[in-house]
Amino acid sequence: MGVKEKLEDLLKQGIEEINTSQDVKAVEEIRVKMLGKKGPLTAVLRGMKDLSKEERPLVGKFANQVRDELTTAIDEKRASLASAMLNAKLAAETVDVTLPGRPVVQGQPHVIQQIIDQLVDLFSAMGYQVAVGDEVEQDEYNFERLNLPKDHPARDMQDTFYVTPQVLMRTQTSPMQARMMETHDFSKGPLKMISPGKVYRRDTDDATHSHQFHQVEGLVVGEHVTMADLKGTLEVVAKTLFGDQLEVRLRPSYFPFTEPSVEADITCFNCLGKGCAICKQTGWIEVLGAGMVHPNVLKMSGVDPDRYGGFAFGLGPDRFAMIKYGVEDIRDFYQNDVRFLSQFNQKG
Ligand code: FA5
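Bear in mind the structure is a predicted one, so any value in this text is a computation, not a measurement.

Novice: When you look at the site of the ligand in this model, what are you seeing that I'm missing?
Specialist: Within the structure, the ligand sits among 27 residues, and Gln172, Ser174, Arg201, Asp203 and Glu286 are positioned closest to it. In this structure, Ser210 approaches the ligand through a main-chain N or O atom, which is 3.0 Å from a nitrogen atom. In the model, an oxygen atom of the ligand is placed 3.1 Å from a nitrogen or oxygen of the Leu288 main chain. Protein burial of the ligand: of its 680 Å² of free accessible surface, 96% is covered by the chains. Mapping the ligand onto the cavity grids shows that it belongs to the largest pocket. The set of elements that each furnish at least two residues to the shell around the ligand consists of strand S6 (212-222), strand S8 (258-267), strand S9 (284-293) and strand S10 (309-315). Ranked by the residues each element gives to the shell around the ligand, the list is headed by S9, at five residues.

Here it is as structure tokens:
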């Protein structure tokens with residue numbers, strides 16, 4: 001058989017195989033078989049060196065024509081198979097729009113987050129900025145810049161989880177005081193900020209203590225800021241969250257970074273002040289620490305204590321949530337029981 005006849009056969013056989021193939025994979029196999037390096041067309045082309053000078057261009061031209069025709073047939077078949085497949089798939093997947101919809105179960109923020117959101121709304125409305133810090137903090141900001149040098153005995157009260165000797169899980173949101181003061185431009189006005197977030201301590205878990213809990217730090221530093229401003233602000237917070245019926249009391253306290261320092265308590269939700277196991281018979285539940293920013297803390301953040309002063313507080317939204325909703329055990333907030341958590345629907 002001459003070369004030309006061989007090529008004609010090849011074309012005929014190829015087209016027949018292509019036309020009868022059932023899927024894209026089979027078409028691809030034909031392409032490799034017919035047009036690949038080890039295929040018959042390549043063999044013919046290789047044999048061309050044995051042809052006469054006159055025959056060579058004619059056979060070459062015809063071989064190219066055969067290759068082009070096979071390629072076109074393969075491409076067309078592949079496209080038609082692919083679109084047939086798509087059509088079959090679309091037909092199989094028709095959506096019955098008349099079926100009833102499935103209700104979407106709507107979630108809600110965690111109850112502690114709801115308290116934080118309320119506080120953020122309240123303080124934003126009073127012109128405070130909201131600054132969120134890192135839970136992993138440097139010892140320098142968590143303690144030293146807050147007037148707690150190494151070996152200060154008050155560090156023991158907040159013993160915590162260290163990542164390295166200089167880096168720890170923050171024990172309070174107070175490091176944000178130093179971080180915000182050192183970048184604030186006081187010539188443009190006072191600094192008013194709150195900073196919500198998680199904190200960590202090696203506290204033994206009980207009904208009112210958790211080793212991981214939340215705080216919302218507050219700080220106002222400017223000219224002529226007084227303790228009366230602090231008291232007024234705390235009363236607004238208490239009234240907004242709990243209504244007028246619960247009372248707030250301030251007790252003298254000690255924090256190395258405030259002077260004077262106070263602790264604020266709110267009437268126990270359970271006994272309404274009579275004394276019970278939850279409030280350890282005192283009638284009160286401690287919800288925050290506060291005070292006037294210590295001059296050393298101002299100085300360490302580059303703020304002139306003779307010109308500027310301010311107040312700071314650190315409140316516990318977990319305890320706020322307990323009081324607001326009468327939850328007797330703080331650990332309930334952290335057990336992720338949907339039956340418990342879904343009771344606190346902020347819309348309800
Ligand atoms: C502080 O952490 C101070 N940084 C607060 C502060 C800020 C004082 C600014 C002065 C100026 P204290 O350790 O008391 O203070 O914690 C503050 C609040 O966090 C407490 O009133 C309480 O509401 C909450 N809290 C403390 N320990 C726990 C705990 N283990 N579990 C749950 N809440 C806690």
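Novice: I tried to follow the packing of helix H5 (residues 111-125) against helix H10 (residues 317-325) on my own but got confused; where do I start?
Specialist: Packed helix pairs are characterised by how far apart their axes lie and by the angle those axes make with each other. Put simply, H5 and H10 touch, their axes get as near as 9 Å, and they point 100° apart. Considered as vectors, H5 and H10 are oriented roughly perpendicular to each other. In this structure, H5 uses Val111, Ile112, Gln114, Ile115, Ile116 and Gln118 to contact H10, whose residues at the interface are Pro317, Asp318, Phe320, Ala321, Lys324 and Tyr325. The residue inventory of the contact of H5 with H10, partitioned by class, reads eight nonpolar, two polar and two charged.

Novice: Sorry if this is basic, but what is going on with the sheet that holds strand S4 (residues 167-169) here?
Specialist: Within a beta sheet, neighbouring strands are joined by backbone hydrogen bonds and run either parallel or antiparallel to one another. Strand order across the open sheet formed by three strands is S2-S4-S3, with antiparallel pairing between neighbours. Every interior strand has two partners, whereas the edge strands, strand S2 (136-138) and strand S3 (162-164), have only one. Neighbouring strand axes in the sheet, compared pairwise and without regard to direction, differ in orientation by 35° on average. Sheet topology note: the S2/S4 ladder contains three bridges and is antiparallel. Bridge pairing links Val136 to Met169 in S4.

Novice: Explain the sheet that holds S10 to me, please; I cannot follow it from the model alone.
Specialist: Strands sit in the order S1-S5-S6-S10-S9-S8-S7 across an open sheet of seven strands; the sheet is mixed. A single partner strand is all that each edge strand has here, and the edge strands are strand S1 (129-130) and strand S7 (248-255). Pairing of S7 with S8, which is carried by seven bridges, proceeds in the antiparallel orientation. In the sheet register, Leu250 faces S8, and the bridge partner there is Ala264. H5 rests against S1, strand S5 (191-200), S6 and S10 of the sheet, and its axis sits at about 170° to S5. Lying on the sheet, helix H7 (residues 175-183) is in contact with S1, S5, S6, S9 and S10; it crosses S5 at an angle near 145°.

Novice: Just checking my understanding: could you explain the packing of aromatic side chains for this structure?
Specialist: Note on aromatic pairs: each is described by the distance of the centres and the angle between the planes. For the structure on display, the rule yields eight aromatic pairs. Seen in terms of ring centroids, Tyr325 and Phe344 are 4.9 Å apart; in terms of plane orientation they differ by 55°. Their pairing is tilted. Linking Tyr325 in helix H10 with Phe344 in the segment after helix H11 (338-341), this pair joins segments that are 19 residues apart in sequence. Taking the relative accessible area as the measure of exposure, Tyr325 reaches 31% and is therefore partly exposed. Ring geometry for Phe340 versus Phe344: centroids 5.2 Å apart, planes at 75°, classification edge-to-face. Of the residues examined, Phe340 reaches a relative accessible area of 16% and is grouped as buried. Put simply, the rings of Tyr325, Phe333, Phe340 and Phe344 touch in pairs and so form one group of aromatic residues.

Definitions and cut-offs
- Residues numbered from 1 in each chain as written.
- Predicted model: local features only at pLDDT ≥ 70, side-chain atom pairs only at ≥ 80, totals over all residues.
- Heavy atoms only, no water.
- Near = heavy atom within 4 Å.
- Polar contact = N/O pair within 3.5 Å; in protein donor to acceptor, adjacent residues only side chain to side chain.
- Areas by Shrake-Rupley, 256 points an atom, 1.4 Å probe, with all protein chains shown as cover.
- 1 Å grid on protein atoms, 1.4 Å probe; cavity = no way out; pocket = protein on both sides within 12 Å on 5 of 7 lines; lining within 4 Å.
- Sits in = over half its atoms within 2 Å of the grid points.
- Helix = DSSP H or I, 4+ residues; strand = E, 2+ residues; numbered from the N terminus.
- Axes fitted to C-alpha atoms, helices over the stretch in contact; angles between N-to-C directions.
- Parallel < 35°, antiparallel > 145°, perpendicular 65-115°, else oblique.
- Contact = heavy atoms within 4.5 Å.
- Nonpolar A, V, L, I, M, F, W, Y, C, P; charged D, E, K, R; others polar.
- Pairing = 2+ DSSP bridges.
- Phe/Tyr/Trp six-rings, centres within 6.5 Å; stacked < 30°, edge-to-face > 60°.
- Buried < 20%, exposed > 50% of the residue type's maximum accessible area, 1.4 Å probe, protein only.

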